[in-house]
Amino acid sequence: MLKNNLGYPRIGDRRELKKASELFWAGKLSLDELVTAGKNIRLQNWKTQKEAGIDLIPSNDFSFYDQVLDMALTVGAIPDRYESLKSKGEMELYFAMARGYQKDGLDITAMEMTKWFDTNYHYIVPEFVKNQSFELYSTKIVDEFNEAKLQGIETKPVIIGPATFLLLGKEKEAGFHRIDLLKKLLPVYWSILKQLADAGAKWVQIDEPILATDLSGIELNAIKEFYGKIALEAPELNILLANYFDCYGNNLETVLSLPVQALHLDLVRCPSQLQDILGSLNLSSDLKLSLGVVDGRNIWKNDFDKSLEFISRAKNQLGEERVMIASSCSLLHSPCDLELEQNESKLSAEIKDWLAFARQKLEEIALLAHLSQNPEDKVLQAKLQDNQTSHARRQASTLIHNQAVKQRVADVSKSDIQRGLDFKQRKVVQQETLNLPHFPTTTIGSFPQTSEVRKARLQNKKGELSNSDYHDFLERHTALAIRWQEEIGLDVLVHGEFERNDMVEYFGEQLDGFAFTQFGWVQSYGSRCVKPPIIYGDVSRPNPMTLEWTKYAQSLTEKHVKGMLTGPVTILQWSFVRNDQPRSATCNQIALAIRDEVIDLEAAGIKIIQVDEPAIREGLPLRRADWIDYLDWAIDAFKLATSGVEHSTQIHTHMCYSEFNDIIDSIARMDADVITIECSRSQMELLDAFAEFNYPNEIGPGVYDIHSPRVPSREEMVDLLTKAMKVIPEDQLWVNPDCGLKTRGWEETKQALIEMVGAAHDLREKVSVYQ
Ligand code: ZN
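Summarised in this report is the structure supplied together with it. Source: prediction; values computed, not measured.

Where helix H5 (residues 140-150) meets helix H7 (residues 182-199), the closest approach of the two axes is 9 Å, and the angle between their N-to-C directions is 15°. Overall, the two elements H5 and H7 adopt an arrangement that is roughly parallel. Classified by chirality, the crossing of H7 by H5 is right-handed. Between H5 and H7, the residues in contact are Ile141, Val142, Phe145, Asn146 and Lys149 and Ile192, Gln195, Leu196 and Ala199, respectively. For the contact of H5 with H7, a count of residues per class yields 6 nonpolar, 2 polar and 1 charged.

Here it is as structure tokens:
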């Protein structure tokens, strides 16, 4: 029974990769040193997995930025604008594609980034043109296999499959569909596979999570073509085809007809598919099944009884040799190691006992295999019993249940999720109260979290900086930010979020029902990591959470300061969520807590309140048929959080992603007075959805990309806004960046915002000339 892991976190236990990359980008670390840092992490990961007894240890799951970008570079899908950088070496080119390039008189934009399926991980979107060509450009896959081999560790290279790679990309010009590129792409895949076979690889894991979505006949044919030919092109290799995050669904029959050696099933997201497969007449007589029973997306200890039931069902029908025990998906989405959590005041022993992180999940995989093979073994039986006891303790724990919260959710009525007046009328009232100019300017909330800010927070945490000194420090920063925003002439100000570590953690820390880790980091994009809270019990708000800082900021200025909250769906989506009740139930509990905060802010005189929901879209189920149910409860939760205010209070929401077409009616149903969205990387294309829908409320399409340090010019932003005005009536438009500025430095932030305010002024003038 092979023990199979699909991928391991690559950031390092102590976020070594983040630290090294950021130093490298800042010019404080040499390329060699960065490369070594990567090497060390890979080696450590391989060793950890080997020691845990994993048989199929992944390689090429490491990445300096993103695995899709790695694949784009590997197959030479390098957009033309980077041509001149090829001579600068692979890494320089690679990071330029990820982050843009503004050096040596060059000014090249980064590639787009978007969410990886329904996770909070972002990948770089491959770009394709009609006469796209491919070549084997980078040898990373084979290099990393050889690197491990040299250390005495035989690995299973992980490659993103061609269907997923193409379908996750984007056509940059009209006249073709990216799946048509398959024929040109395949030779590159053949040469990779051949090289791997020559290097001695036995197993290759080909990731095709696109199989968790609805696919067209053409797309399924492309899959058949590729997998049908592998046996001819690289007959020595065993192929493990991996789909995760949902069922194979309608793609199952096609998949079962493919001549691959093993099929991976995510049995956490789709437990029912095991029966479908075992019952299928098309199940070939030697196909191995990799049973993804250990949850790669959540932090709960595995329920051994449940997993063993799956395993024995498969084993009984297929025999032991045809069953692998696996993580449900790559452990990229799990924090590294629970054993780093040694601070009981942070994470109590009671809760810790319910959890498993990546490293513990490896042990679970191994234990499950052993338990299934040696059920009579005394030591193993004791471990099984421990597991059962810990689950029983969790179910019965008094930490979890709060009757008052359950009752309040049960009592929610229709009128609680509706503003009292429709938008058109609200707009009139709000215009009177707020008195804003045309093209009002604002930002999305956070200002740079400089090393100074982070250092002060850390010192305060460690007790090296007293609460009152820390408080003074934050007041100073907030006051400076307010003054500076006034100076450059922004219309709606923000307090800057200096007191916040993270937009979810900050709230979770103040809510009941949430627990926190110290080292539970998960990669979000590039070097950016998040530390999702753990929602273990019923959620409530013992005290106001943002009131003091918002009031303080407002007290410093005559201009409106926007209150800044994270919405219930985003808090849910970016947390590790309890698995003992439906997500919707947890979401409503959070919504009520946020609702109380919104009402408190309003009572304190705050007239504009933004409730960020950047995660609504990524919460969408992967299959269309499941969307309606999700959108119903998710949008209702947002409305529950925001509908408790007067007509004159302006509710904003913010979302940072790049597709609205298919959910625009739900976005409209949220009924936020103003929505700010990411738009600049797509050159305002996203607005088409709003235009077509005749979206009635106000919109702030982001006019510059905050993911890159590049400073946009005033003209560039005027251009973008002019484009926006072609599709959105000007009295609906706001001017703002794509997202919060916390990852940027002050220098570029200041320059960019001055240019942005300038752009709004240019536009006001332009429009008044016409009128
Ligand atoms: Zn955003």
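For the zinc ion, every protein donor is listed as His654 (NE2), Cys656 (SG) and Cys739 (SG), and the spread of their distances is 2.0 to 2.4 Å. When the donor residues of the zinc ion are listed from N- to C-terminus, their spacing reads H-x1-C-x82-C. Taken together, the positions of His654 in strand S22 (residues 650-655) and Cys739 in the loop between helix H26 (714-727) and helix H27 (746-770) put the pair 85 residues apart, joining distant regions of the chain. Comparing His654 with Cys739, the two get one shared label, buried.

So, about the state of the cysteines. Within the structure shown, the criterion is met by 1 disulfide. With a sulfur-sulfur separation of 2.0 Å, Cys247 is cross-linked through a disulfide to Cys270. Judged by the sign of its S-S torsion, about 95°, the bond between Cys247 and Cys270 is right-handed. With a gap of 23 residues between them, Cys247 in the loop between strand S11 (238-242) and helix H9 (252-256) and Cys270 in the loop between strand S12 (262-266) and helix H10 (273-279) connect regions that are remote in the sequence. Cys336 supplies the cysteine sulfur nearest to Cys529, a cysteine that is in no disulfide, at a spacing of 8.7 Å.

This next bit is on the packing of aromatic side chains. Counted according to the given criterion, the structure contains 23 aromatic pairs. Ring centres of Phe226 and Tyr227 lie 4.6 Å apart, and the angle between their planes is 80°; on these two criteria the pair is classed as edge-to-face. With a relative accessible area of 1%, Phe226 lands in the buried category. Relative to Tyr695, the ring of Phe690 has its centre 5.0 Å away and its plane inclined at 90°; by these criteria the two rings are edge-to-face.

Attention now moves to the environment of Arg617. With respect to the element layout, Arg617 can be found in the loop between strand S21 (608-612) and helix H23 (627-642). Along the backbone, Arg617 and Leu686 are 69 residues apart, and their C-alpha atoms lie at a distance of 14 Å. Among all residues touching Arg617, those that are not within four sequence positions of it are Trp627, Tyr657, Glu659, Phe660, Asp662 and Ile663. For Arg617, the side chain forms a polar contact with the main-chain oxygen of Glu659, separated by 3.1 Å.

Before going further, it helps to spend a moment on unusual backbone geometry. Its identity as a non-glycine residue notwithstanding, Phe117 has a phi of 50°, on the positive side. By the secondary structure assignment, Phe117 is in the loop between strand S5 (113-115) and strand S6 (122-124). Residues other than glycine seldom take positive phi values, yet Gln683 does so here, at roughly 55°.

A word on the sheet that holds strand S14 (residues 323-327). Strand pairing in a sheet is mediated by backbone hydrogen bonds. Such pairs are either parallel or antiparallel. One open sheet accounts for 8 strands, arranged S1-S14-S13-S12-S11-S10-S8-S2; its pairing is parallel. Unpaired on one side and paired on the other, strand S1 (2-4) and strand S2 (57-59) mark the two borders of the sheet. Neighbour to neighbour, the strand axes of the sheet diverge by 30° on average, direction disregarded. The pairing of strand S8 (residues 155-160) with strand S10 (residues 203-207) spans 3 bridges and is classified as parallel. The residue of S10 that forms the bridge with Val158 is Gln205. In the packing of H7 onto the sheet, contacts are made with S8 and S10, and the angle to S8 comes to roughly 175°.

Definitions and cut-offs
- Residues numbered from 1 in each chain as written.
- Predicted model: local features only at pLDDT ≥ 70, side-chain atom pairs only at ≥ 80, totals over all residues.
- Heavy atoms only, no water.
- Axes fitted to C-alpha atoms, helices over the stretch in contact; angles between N-to-C directions.
- Helix = DSSP H or I, 4+ residues; strand = E, 2+ residues; numbered from the N terminus.
- Parallel < 35°, antiparallel > 145°, perpendicular 65-115°, else oblique.
- Left-handed = near helix turned anticlockwise from the far one by under 90°.
- Contact = heavy atoms within 4.5 Å.
- Nonpolar A, V, L, I, M, F, W, Y, C, P; charged D, E, K, R; others polar.
- Donors = N, O, S within 2.8 Å, 3.2 Å for Na, K, Ca; no water.
- Buried < 20%, exposed > 50% of the residue type's maximum accessible area, 1.4 Å probe, protein only.
- Disulfide = S-S within 2.5 Å.
- Phe/Tyr/Trp six-rings, centres within 6.5 Å; stacked < 30°, edge-to-face > 60°.
- Polar contact = N/O pair within 3.5 Å; in protein donor to acceptor, adjacent residues only side chain to side chain.
- Pairing = 2+ DSSP bridges.

None of the figures reported here should be taken as evidence of function without further support.
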